[in-house]
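Next come the chains, spelled out residue by residue.
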Amino acid sequence: KNAVKIIKNFPVGAPNTSIRIKDEISRIGFLSNYIVEKGIKSFVDIAFEFGNTSLKFEAAGKDADCTRNELLSIIASKGQSNLKVHGPKYDDDKWRFLDSLDVLLFPTTYSNECSPLVLMEAMSRGVLVISFNEGGIEDMLPQDTMCLVQGEREMIEVLNMLINEPLLFVEERKKQQLFFHSDFTAENFEKEILSLFNE
């Protein structure tokens, strides 16, 4: 109990197909159950902030304390056309959805957030993750990243910065990729667990 060692996990089942390389942001997504604490309504609010741009926002998830119909009603009342809301995505559909994105937003305020698998899945496909700093998420992104934010306003500011400075987007994306492939792999998990057992 006095000596806790963290060993990073890895996404099982991520396909090994080539990752599409992008040097600018055009499509931004959300992938989680439609739980308010997981950030679906914040995602919608952020999409509305970029309503006058050419950016496309897409959410995918299963109905929970917020439903797809509720979200569609909100979008219709605002007259927004830059935001699409899908049902849940599983298996190959999930990977195709992730592959269509340049950025994944995860504005979670869930008090018991641990290590959301979707962040690893997104990074495994070359998608830049921008997340609220909750639970164990700070250990899932590089320490010097600008993509770990404290709230909705900061997430909008970082997103704007990355949109307006494509080289910064490329740099942050590369930083996350190097971090993911060095830390969140089966080989690294095996190495760390064996090292723990040998202590």
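Residues numbered from 1 in each chain as written. Predicted model: local features only at pLDDT ≥ 70, side-chain atom pairs only at ≥ 80, totals over all residues. Heavy atoms only, no water.

### So, the overall build of the protein chain
Okay, step 1: When you go through the protein chain residue by residue, the secondary structure sums to 7 helices and 6 strands.
Okay, step 2: Taking 16 Å as the expected radius of gyration for a compact globule of 199 residues, we find that the protein chain reaches 17 Å, a close match to that expectation.
Okay, step 3: The dimensions of the protein chain, computed from C-alpha atoms along their principal axes, are 60 × 40 × 30 Å.
Okay, step 4: The buried share of the protein chain, reckoned over its 199 residues, is 45%.
Okay, step 5: For the protein chain, the accessible area works out to roughly 10700 Å², and carbon and sulfur atoms hold 48% of it.
Okay, step 6: Positive and negative side-chain charges of the protein chain, numbering 22 and 31 respectively, have mean locations separated by a distance of 5 Å. (Helix = DSSP H or I, 4+ residues; strand = E, 2+ residues; numbered from the N terminus. Rg over C-alpha atoms; globule rule 2.2 N^0.38 Å. Buried < 20%, exposed > 50% of the residue type's maximum accessible area, 1.4 Å probe, protein only. Areas by Shrake-Rupley, 256 points an atom, 1.4 Å probe, with all protein chains shown as cover. Lys, Arg positive; Asp, Glu negative; His and termini not counted. Charge placed at Lys NZ, Arg CZ, Asp CG, Glu CD.)

### Some thoughts on the nonpolar core
Okay, step 1: Of all hydrophobic cores here, the largest spans 34 residues; its most connected members are F57, L105, I130, L159 and L162.
Okay, step 2: Once you skip the residues sitting within four places of it in the chain, F57 turns out to touch I28, F43, I46, A47, F50, N82, L83, K84, L105 and L159.
Okay, step 3: Among the nonpolar cores identified, the runner-up in size contains 22 residues, and L31, A60, L119 and L141 belong to it. (Core = buried A, V, L, I, M, F, W, Y, C linked by side-chain atoms within 4.5 Å. Contact = heavy atoms within 4.5 Å.)

### A short note on the pairing of strand 2 (residues 56-60)
Okay, step 1: For strand 2, the buried fraction is high: 4 of the 5 residues fall into the buried class.
Okay, step 2: Bridge analysis of strand 1 (residues 27-31) against strand 2 gives 5 bridges, and the strand direction is parallel. Across the sheet, residue R27 finds its bridge partner in strand 2, namely K56.
Okay, step 3: The parallel pair strand 1 and strand 2 is bridged by helix 1 (residues 40-49), and the resulting crossover is right-handed. (Pairing = 2+ DSSP bridges. Right-handed = clockwise from strand over helix to strand, strands pointing away.)

### Overview of the sheet that holds strand 1
Okay, step 1: Strand order in the open sheet made by the 6 strands is 3-2-1-4-5-6, with parallel pairing throughout. Across the chains shown, the open sheet's two edge strands, defined by having one partner strand only, are strand 3 (83-86) and strand 6 (148-149).
Okay, step 2: Its contacts with the sheet put helix 3 (residues 91-99) on strand 1, strand 2 and strand 3, and the angle it makes with strand 1 is roughly 145°.
Okay, step 3: Along the sheet face, helix 4 (residues 117-124) touches strand 1, strand 4 (103-106) and strand 5 (128-132) and points at about 170° away from the line of strand 4. (Axes fitted to C-alpha atoms, helices over the stretch in contact; angles between N-to-C directions.)

### So, unusual backbone geometry
Okay, step 1: Non-glycine residue D91 carries a positive phi angle of around 55°.
Okay, step 2: On the secondary structure map, D91 appears in helix 3.

### Some remarks on the packing of helix 5 (residues 152-164) against helix 6 (residues 166-183)
Okay, step 1: Where helix 5 contacts helix 6, the axes come no closer than 5 Å and their chain directions differ by 110°. Taken together, the axes of helix 5 and helix 6 are roughly perpendicular relative to one another. Contacts between helix 5 and helix 6 involve M161, L162, I163 and N164 on the former and, on the latter, P166, L168, F169 and E172.
Okay, step 2: Among the residues making up the contact of helix 5 with helix 6, the classes are represented as 6 nonpolar, 1 polar and 1 charged. (Parallel < 35°, antiparallel > 145°, perpendicular 65-115°, else oblique. Nonpolar A, V, L, I, M, F, W, Y, C, P; charged D, E, K, R; others polar.)

### Some points on the side chain of S131
Okay, step 1: Mapped onto the elements, S131 comes out in strand 5.
Okay, step 2: Once you skip the residues sitting within four places of it in the chain, S131 turns out to touch F106, L119, I137, C147, L148, V149 and M155.

### What about the packing of helix 3 against helix 4?
Okay, step 1: Remark: helix 3 packs on helix 4, axes separated minimally by 9 Å, with the N-to-C direction vectors making an angle of 65°. Viewed along their axes, helix 3 and helix 4 form a crossing whose handedness is right-handed. Only E121, A122 and S124 of helix 4 make contact with helix 3, whose side of the interface consists of K94, W95 and L98.
Okay, step 2: Of the residues contributing to the contact of helix 3 with helix 4, the split by class is 3 nonpolar, 1 polar and 2 charged. (Left-handed = near helix turned anticlockwise from the far one by under 90°.)

### Description of helix 1
Okay, step 1: Counting buried positions along helix 1 yields 7 of 10 residues, so the element is predominantly enclosed.
Okay, step 2: Listing the buried residues of helix 1 in full gives I40, S42, F43, V44, I46, A47 and F48.
Okay, step 3: Contact partners of the buried residues in helix 1: strand 1, strand 2, helix 2 (68-78), strand 3, strand 4 and helix 5.

### A word on the packing of aromatic side chains
Okay, step 1: Scanning the model with the defined rule gives 5 aromatic pairs in all.
Okay, step 2: Among the aromatic residues, those joined into a ring-pair cluster are F30, F43, F50 and F57.
Okay, step 3: Sitting over the face of the ring of W95, K94 holds its NZ or CZ atom 4.7 Å from the ring centroid. (Phe/Tyr/Trp six-rings, centres within 6.5 Å; stacked < 30°, edge-to-face > 60°. Lys NZ or Arg CZ within 6 Å of the ring centre and 35° of its normal.)

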